[in-house]
Each structure stands twice: as C-alpha cells, then as structure tokens.
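# Chains, contacts and geometry: an overview
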Amino acid sequence: MLRRRLNRLFGGDEKRVDSRTIYVGNRPCPATETFIPPKFCDNRIVSSKYTIWNFLPKNLFEQFRRIANFYFLIIFLVQVIVDTPTSPVTSGLPLFFVITVTAIKQGYEDWLRHKADSEVNKYPVRVLEDGQPARKDSEKIKVGDIVEVVEDETFPCDLILLQSSRDDDTCFVTTASLDGESNHKTHYTVPDMEKDLQSLSATIECEQPQPDLYKFVGRMHIYKPEHDPAVRSLGPENLLLKGATLKNTKKIYGVAVYTGMETKMALNYQGKSQKRSAVEKSINAFLLVYLCILISKAVVCTTLKYVWQSQDGQDEPWYNQKTEKEKGTILYVKMFTDFLSFMVLFNFIIPVSMYVTVEMQKFLGSFFITWDRDFFDPEIEEGALVNTSDLNEELGQVEYVFTDKTGTLTQNNMEFIECCIDGFQYTAFSSELDSFCVTDGPVSTFQEKAGREKEELFLRALCLCHTVQVKEAGPDELGGDQVDGPASEPLRPAEQRGFIASSPDEVALVKGAMRYGFTFLGLESKTMKIKNWQNDVEEYELLHVLNFDPVRRRMSVIVRSKSGDTLLFCKGADSSIFPRVRPEEVERIRMHVQRSATEGYRTLCVAYKRLSVDEYAAADAGLREARLALQDREEKLMAVYNQVETAMSLIGATAVEDRLQEEAAQTMEALQGAGMKVWVLTGDKMETAKSTCYACRLFRRSTELLELTVRTLESGGRRREEMLHDLLFDFHRKAVQDAPPARAGVNRSWSSANPEYGFIVDGAALALVMNPSPDTNCSRYRSLFLQICQNCTAVLCCRMAPLQKAQIVKMVKNSKGSPITLSIGDGANDVSMILEAHVGIGVKGKEGRQAVRNSDYAIPKLKHLRKLLLAHGHLYYIRIAHLVQYFFYKNLCFILPQFLYQFFCGCSQQPLYDAAYLTMYNICFTSMPILAYSLLEQQIAIEVLLDNATLYRDIAKNAMLRWGPFLYWTVLAVFQGLIFFFGVKYLFSNPALQDNGQVFGNWSYGTIVFTVLVFTVTLKLALDTRHWTWINHFVIWGSLAFYVVFSFFWGGIIWPFLKQQRLYFVFFNMLSSVSAWLVIILLIVLSLLPDILLGVLRKPRGPHTQQMRRCLPSSGTSTIFVLSQTTSTHSFSWSD
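Residues numbered from 1 in each chain as written. Predicted model: local features only at pLDDT ≥ 70, side-chain atom pairs only at ≥ 80, totals over all residues. Heavy atoms only, no water.

## Description of the nonpolar core
As a rule of thumb, nonpolar side chains are buried together in soluble globular proteins. Judged by nonpolar contacts, the single largest core of 92 residues is most densely connected at Phe894, Tyr913, Phe1010 and Leu1013. With 18 residues, helix 26 (residues 864-901) is the largest single contributor of residues to this core. With sequence-adjacent residues up to four places away left out, Leu1013 is seen in contact with Lys890, Cys893, Phe894, Tyr913, Tyr921 and Phe980. Formed by 55 residues, the second largest nonpolar core is a distinct cluster that contains Phe375, Met686, Ala871 and Val944. (Core = buried A, V, L, I, M, F, W, Y, C linked by side-chain atoms within 4.5 Å. Buried < 20%, exposed > 50% of the residue type's maximum accessible area, 1.4 Å probe, protein only. Helix = DSSP H or I, 4+ residues; strand = E, 2+ residues; numbered from the N terminus. Contact = heavy atoms within 4.5 Å.)

## Details of the pairing of strand 26 (residues 601-611)
With 9 of 11 residues buried, strand 26 is to be regarded as a mostly interior element. Across 7 bridges, the pairing between strand 25 (residues 566-572) and strand 26 is antiparallel. The residue of strand 26 that forms the bridge with Phe569 is Tyr608. When strand 26 meets strand 27 (residues 649-660), the two strands line up antiparallel, connected through 8 bridges. Within strand 27, the position partnered with Cys605 by the bridge is Ala653. (Pairing = 2+ DSSP bridges.)

## Focus on the sheet that holds strand 29 (residues 704-708)
One open sheet accounts for 9 strands, arranged 14-34-33-32-15-28-31-30-29; its pairing is mixed. At either margin of the open sheet sits one strand with a lone partner, and together these are strand 14 (385-386) and strand 29. Bridge count for strand 28 (residues 677-681) against strand 31 (residues 794-798) is 4 bridges, and the pairing is parallel. Counted as the bridge partner of Trp679 is Val795 from strand 31. Running over the sheet, helix 20 (residues 720-737) touches strand 29 and strand 30 (757-762) and is turned about 155 degrees from strand 29. Each of strand 15 (400-403), strand 28, strand 31 and strand 32 (821-825) is contacted by helix 23 (residues 802-813), which is oriented at about 160 degrees to strand 28, the strand it contacts most. (Axes fitted to C-alpha atoms, helices over the stretch in contact; angles between N-to-C directions.)

## A word on the packing of aromatic side chains
Scanning the model with the defined rule gives 44 aromatic pairs in all. Measuring from ring centre to ring centre gives 5.1 Å for Tyr50 and Phe55, while their planes differ by 85 degrees; the resulting arrangement is edge-to-face. A relative accessible area of 3% means that Tyr50 is categorised as buried. The class of Phe55 is partly exposed, set by a relative accessible area of 25%. One aromatic cluster is present, built from ring pairs that chain together Phe894, Tyr913, Tyr917, Tyr921, Phe925, Phe1010, Phe1015, Phe1042, Tyr1043 and Phe1046. Note that Arg560 overlies the ring of Tyr616, its terminal NZ or CZ placed 5.3 Å from the centroid. When the ring centre of Trp969 is taken as reference, the NZ or CZ atom of Lys1020 above it lies at 4.8 Å. (Phe/Tyr/Trp six-rings, centres within 6.5 Å; stacked < 30°, edge-to-face > 60°. Lys NZ or Arg CZ within 6 Å of the ring centre and 35° of its normal.)

As structure tokens, this is what we get:
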C-alpha cells in the first residue's frame, strides 16, 4: 500500500500506464478509499531556450559546435600558448566580435520568448473554489480544477466542457492559433451533466497527453448517492484546447485535463528540422580547399625554414644566439611548434567574418520580401511573411515545384453549380416556380424529371447531412457565413442568417439547397429544423453523427422524423459511396459525376437508408459501446460506421465550383518557362484535378497523358502488379528512351515539335510503386517511375494522402543530382510536404494557417510565387554567391603576400602587416562595401526578370558557386597577390625613396602592400557594381577614407598602452615619397586591368541581351525606398 501511494505521489503510475485518472474539482469520490492528489505538471508554458544561469555556457557550447568558430578558437589558444609571430588579439578580437554579435542576437530572441511566456503564464483566470470563482494566475491552474471562461477569452489549458450558457449545451470556438482555421467549431458538454458543479462528484479517465489536435479518448464516471456510477464517453467534441478562443457563447465551465507543457498546443510546438541551403554546402567545400591551401603553406614554410637552418651558420648566427631552453627543446617538438606558428600567421585566409556578413545579409535581405508592396493583398490586409531567412538564396535555385490544388491553384471559395437527382441534372439558376430546371438526363428519357418525392428526399439530405450551425446575422452581416465570405446574392428576409461550418463545401451545399427552396433553420436541443417548399417546418431528431474521416471520405447522420421513421443520410466521394449502394443506381449517376469532374467541379454523392428498429438498436448499441472504449476507439467506431453505411440507396450527386486563383495559369507558365518542373499533388479525384491542370496550362491539348491509376491497372484483366510492370516499361520507353535529348535553355513553347508528355498517378498506384509486394523489384519500380516523372512536362498526383505527398517530395529530393525542391500549399494536409521540401511556401488561404506556420515563407496568393522566385530569388542568389566568392578572393589576396614574404626573410615567421591591419582588415576596412553590395545589387532590373523567365535558368544548379567560377576568383586573387608583392619589391630596388636619402623599412614595405590591397579589392567591388545607390557610394568611398584616416591616427600618435609602436610615422613617410604614390596607383590599375579588359571585350550573349541592356539599373541611379503605412503593415518597393 505504501509503495502504491508513493508511486502515485511521484507519478510512477503515469509512467507505466497509458491513461490518467483526474478528480474533477480535486475532490475525493465516494468510491475511493483514500484520496491522494495525482502529481501532474503545472500550467506554466516554457518556450524559451535559456535561463540567466545557463545562457553563457549553453550558448557558447552551441556556437563552438560550428566548425569555423571552433577552428578559430583553436588558433586563438595556439597564439596564447605558443610563441607565435602575431598577437592573440588578431584572432581573438574577430572571434570575440562574431561570438558576441551572435550571442546578443540569440539572447534578444530568447528574451522575447521569455516575455511572451510571462504574458501567458501571468494571465488572470477564474477557477471555481468552494463554488465561487476565484482569480489566480494561469500558471497556478492544476489538473482537475474547474475553470470559468467567458466569450472571446482563450482557454488557459485543455478542458473538458462541463457546462455552457447556451440552451443546447454547446459552445463555439475558433482554433486559429492552433491549426489556423478561423471558422467556428461546435463543442458539446458531457451528456446529462448536473447543473450544480459544486456538488459534482466525478472522475475522468483519459489517455496520456499526445499531440494530435483532433484525437481524444476518455470517459467520465459520475458518482451519485445510492446509485451506480454513470459512465459517459468523452471525445474530441468535448475537449477545448488551450489557445482556442470561445465565440458566440457567454460563458462555459470546464475541468482541466492537460496543463502546461502537456497541452496539445505545447506538444505541437516542436522545432522544425534545420534546413541548409546549397550555398552553405558550397561554403563548406570551399573552406576545405582553403584549409588544404593553409596547411600546405604551413608545411612548405616549416620545411624551408629547417632547410635554411641546416646550412652552415644559419641555425645560430652571431646576432641571434639560442637560449638554454631553446637548445634543450626536442627537434620534433620545435618543428611542430613552428608549424602551428605558420598556421597562425596564415590563418586569415579562412574568413571568420564571412559568417557574420552572411547572417546579416540573410536577415536584412529578408525584409525586402516583407516590405514588397506587390505582395500585399487588400482582401486579407496582409503581405508576405518570412519565417526562415536562411533560405533566401534557395529561392533562386528551385528545380521542382510541388503544389496543392484546392486553395492553392484554386480559390477554395465554393459555389453550388448544379446537382443530379436519379440521373437527371438540375442547374442552380432557373426561373421555374420550384427553382428546378432539367438540362439533360438519360438518352432514352431525355426530358423527364426525377419525380417530386426523389427531389424532396435529395434536398432533405442536403439540409440534414452536415455539421453546419446557423448564426442569426445582425444588420451589418446579412447572409454572411464564417468560411464562405459574403453571400453571392441578396437573401430573402427569412434567410437573413449566416452559417458556421468547418468546411466551405458544407456551406455551399446548404446554400444550394436554400436556392432550391429547402432552408436549414438550425439545430436546437438535438432537433434539426428545415423549411420545405410549402414553407412548412419539418423537425428531425438528431440521433448520431458519423463524422467525416479522410480515410472513409464520407460522413453520415442518423435522424428520426416526426412520423417515427429512422433515416441515415450519407454524403461523400464517389469512390467511397458507389461501393455501398446498389450497382444499378450507380450507372445513372456515374456519367454526370465524371462530366462534372471533367469540367473542374468538386463532386459529392448523396445516399440514404431507412433503418428498421432492430438495425437502429444494433447501430446505437455499437456506437455507444465504441465511444466508451479507451483502447482502439477509432478502429471500433470505424467498424460500426462501415457496418451501418451499407446497402444504401443512391439519390444523386452535387457539383460545386472552386474557381482558379488569380493569374494561376500565367504563374504556372512562367515557372515552366524558368525551367522548373511543376507537379500537382492533391487529394481530389482525377477528373477534377486534370481539368484544373488544363486550365492552368500545365497540360495542353497537344500533351499526351500517361495514366498510371487504378483504372488503368485493372483494365487488362490481370493482376495489378503485372499491369504495373508493363505500364511502367511502356511509359519509360515513350517518355525516356524514345524521347529526343532535351536542349538546355530551350523554352517549352519553342520546342513544340517534340512530343510533350504529362503523367497522371493516383494514391493507390503510388502505393504499389513505393511499397510493392515482396516478390517484385522495389528499387527498379521506383527508378522507372522517377525517370518517367522527370521526363514529363508536368505531373499530376491525385487521391494523395498527406504522407504520400511527403513521400513524393522526398523521392525527388533524394534523386540523382539532389535537385532543389519547393512545396506550396495552404492546408494542414500540406504541412508534411512543406516540411519535407528544401523550401516550404504557405498560402494564406481559407483552409487555416497551419501551412503558413510550418512554412519557410508565406504569401497571400499563388500569383506572388512568380515574383518571389523569378525576381527576389534570382537577386538573392546572385548577391550571396558574389559575397561568398568575394570573401575568399579578398582573403587570398590578403595572405598571399604574407606567404611570399617568408621566402625573403628566411621563413622566420616575420609578419608582413601590422597587428592592427591584421585585425581590422575583415572587420572594418572591407566588410561594409560587400554587405551593401549583397543587399542592394541589381544586375538585371526586376521588370526584365519577370518578363523573361528564361533568365532564371542562367543561375540554375548553383551556377555561380561551381568550381569553375571559384577557380576564376582564386586565379584572380593569386595574380593580384603576385602583383602586390613583386610590384612593391621592384619599388624597393631603388635604395633611396625619400628626399633625404633614407630607405624604407620592412613595415613600410608591408604598409604599401596593404594600401594597394585595400584599394584594389574595394575598387574591384566598385567595378562589379551595376546598381549604384547613395549607400554604395557612402560605404565604398567611406571605407577607403576610413582606412587612410585610421592609418594617419594609428601611426601619427604615440599610444601609451602599446609596448612597441611599429607604424609610428610610417604612413606619413610613405606618402611623402612620389615613387610610392606612383607605384601604388600603377599597381592598383595593373591589378584591375584584367577585369576592365574582360568587361570591355566580353561579348553579350542570349536573346534578351538588348532588352536587358536597356533595362539594367544604370550607373548613378538610386534605389528609391518607398515606405507607405497601411492599416496593417509597412510596405516596401524599389524603382529605378
């Protein structure tokens, strides 16, 4: 007994079982012997990463896990421990700067998280204590507390709804902060709950915390004196989630079941996996090359030093006698120490400051997307959103685009178009008295009606089979609803109501029935009311709702009429309904469903069934038993659903239109013109999706479609695996083997003579390809399938489950060449593919904001993807590629003269530059010009980039960061480094460079080389700049002026904190020599001559050259920053 109590006290039971027991109100129940409150976590939310005590060690540990930071830490420690030629300050100061800036940035971000946590944790709430509401902080709520929440407040933890102020024991909530869905959802109180919560004695047994927002399994035991405990089932319809908001309900009471970090909201805030761009991988590859160069230099210099000292008289000259300690040092230890000293001397070839500059470029550059006025959508009054700035340049490297259909290619704005009843089609727009108009039907009975009884039955099904709630509208919102926007036409006074639904399809169907004369009046106390053609109100008792499920793809309701008939109405996808109705009824409807789908409409089939007393009793018992189960509740409910939804009668089908997004076709055409392959991944049926692809110009009339679906796999009368094998090989022969080789850079419209193929695959066929039977060759099938897809102009994957979408993306992402992938979608079912792709784009649509929250970038509409990729992506990639190449170039220019200098000083580790120059070269003298360039450069005007999508191909496959351009920059740096060193050496061949006959020393030599270096690399960037702004002028000429001013002050003043001042008056003396002036100017011109000649002699190529020349941002123009304040955001644009 003691052990059990201790286990319960310290949460031991919870670790061993899959459920938890909660005492409502934290009060003991009569059935328990002793009451020991279970130990659960408190209600504090902690999203921060650091505390005051662990910030420094934890942050430093994370930063030094980066290879570059760790490398420079080792170099710094070597300088401190070993006698090296340069001061530890030269490596320590840049490293300290990088670490400090990063720590401040991360510390500030974590402080914001602490601040947000504090606001949530200190939020005042009301908890029932002894029957009276008591105010306390949210963080003090305990599991079992009864919490009061009023309208428009958010729920402070996960609650089971006990009591509502509404008469029908329901409440409405919005879960926008959880899954982004702004529509109202209906939740229900626990059935037969007592009104007096003070006297309530109950326990809740439920599952342990888990992150699925839409699943909850539990049961409630209610204890009453002299009665057996009553058991009530609990499901997701009873659970109010933390972060959701109470709407259209004055007040509710709920018992806390999950608190703090165990709430579903907290469990869903797991960090996304870190995505790395291709540029980062290129930087690492280049770093390895330069590290090899660094080691090679150190090895060569160490070897030459000991070769030099092996000569007579060189090891210990008369002017440099060894100490006793040096004489006693082991030779190999001395050689290793010298090797480390040379590593320190040459370590500046690896640019530590490049990481800071790249981070700043990405962070600041992301604001251009946020500020772009073209991305602002007046409908939702929002612009673009950047969640991850690390992938800006990846937007310019996309090769595959995976897009959702509903809400992305289409508007997700449903409008009822037509319906089919018993094989006869009815349009939504008619002037007949009963609002019906027959447009076609079976060929044999072309102009016959389905019959009034069938028509009324169909419209009753539309009015009853749904989860729509009616909201009485005020004078300012007549006819509005929560998901469908404003009503499409003025409604009659009796219909001045809005609808609350979880799906826009359901609202469209209810409004469609209203147009036909059947009006849904609402649900009150389990009674559904509808008004028929004769304006009579019909009442039906709602017995059970068989909820929609993406696996079943249908939903049903069981109702009882006033006459006592028990009816089941069911609606769902044709593939889900047809197998459950009589075959002879299917043929009358199938033709209309297929025709509607071909025209791009979303179709649903409607069926019904009369339940006998025994059938309903069995179904009712099965449903109640399944809903009380704690284990495998979903599977048990599914079994009962499938048992009830059989032998139904098919009534008809509906067609709802989801219109294309604005400029969807032009956007898809531009992406294909840019060389991207567009794949549509949708859960919709094939005919509807195919029609959308034609409308978006992904498929054309000349496109030959290759279809790998269940229909084609079953058409041959053989096993599916055999047909799959034959079809894959046949398609591979057509699209891959017999296809002419693709020419790089040829636009689709120019190569129309070649056959175009489109590939269509459905979820069932994909499952066979990805998970075939054991006796088939899995990898062979996948390889054939992938090759076929990659050789088609467009691919349509329909009937896809969310995980199948991610499978497709992962397959392409991991294929040969590792192409850059982009996924774009607007719904929760698109999250998996958004997270899987290299770049994830969320559309701020009507299916919620979960896709936006999990994306890297978010845009209001699909049309904005064109500018995001073709303009922003193109410019970001060019800028950062130039930044990376330029950093390696200027550091090789910097350190090569230092290496050459060792050949003339006996490899004695004598530094060529002063310590101040070594420290400030990357931090102050050359950092700002390249940062400004990488933020503002426009080699091609945005208008030209948008008009000529083929320009995107010029930078595809990481073109500017391949080994060819890298080798060019490296050779240029070696050439200029040789010019710097030997040009100044030639100057020093004149023994008298000053008027007084004095000669320059070694520090003058290094200062002249450094001056030529700083001016050359800065002017090289000026030559590369095509788009000049006042910022470019300021940082380029300002950096050069700063170097001159700094050199004057550094060498012109005696600094008391320096033990030795090597550059005292060196810069003054250097500038007093006319020969020095002449050589500096001459060497700068000579170093830049190859760039000047290349720019003059290079012949422009490509069909758009003349247009590009006319539209290039001209030298001397300025980028105009226009900041205009709107009601919701600051917007940004640039113009020439």
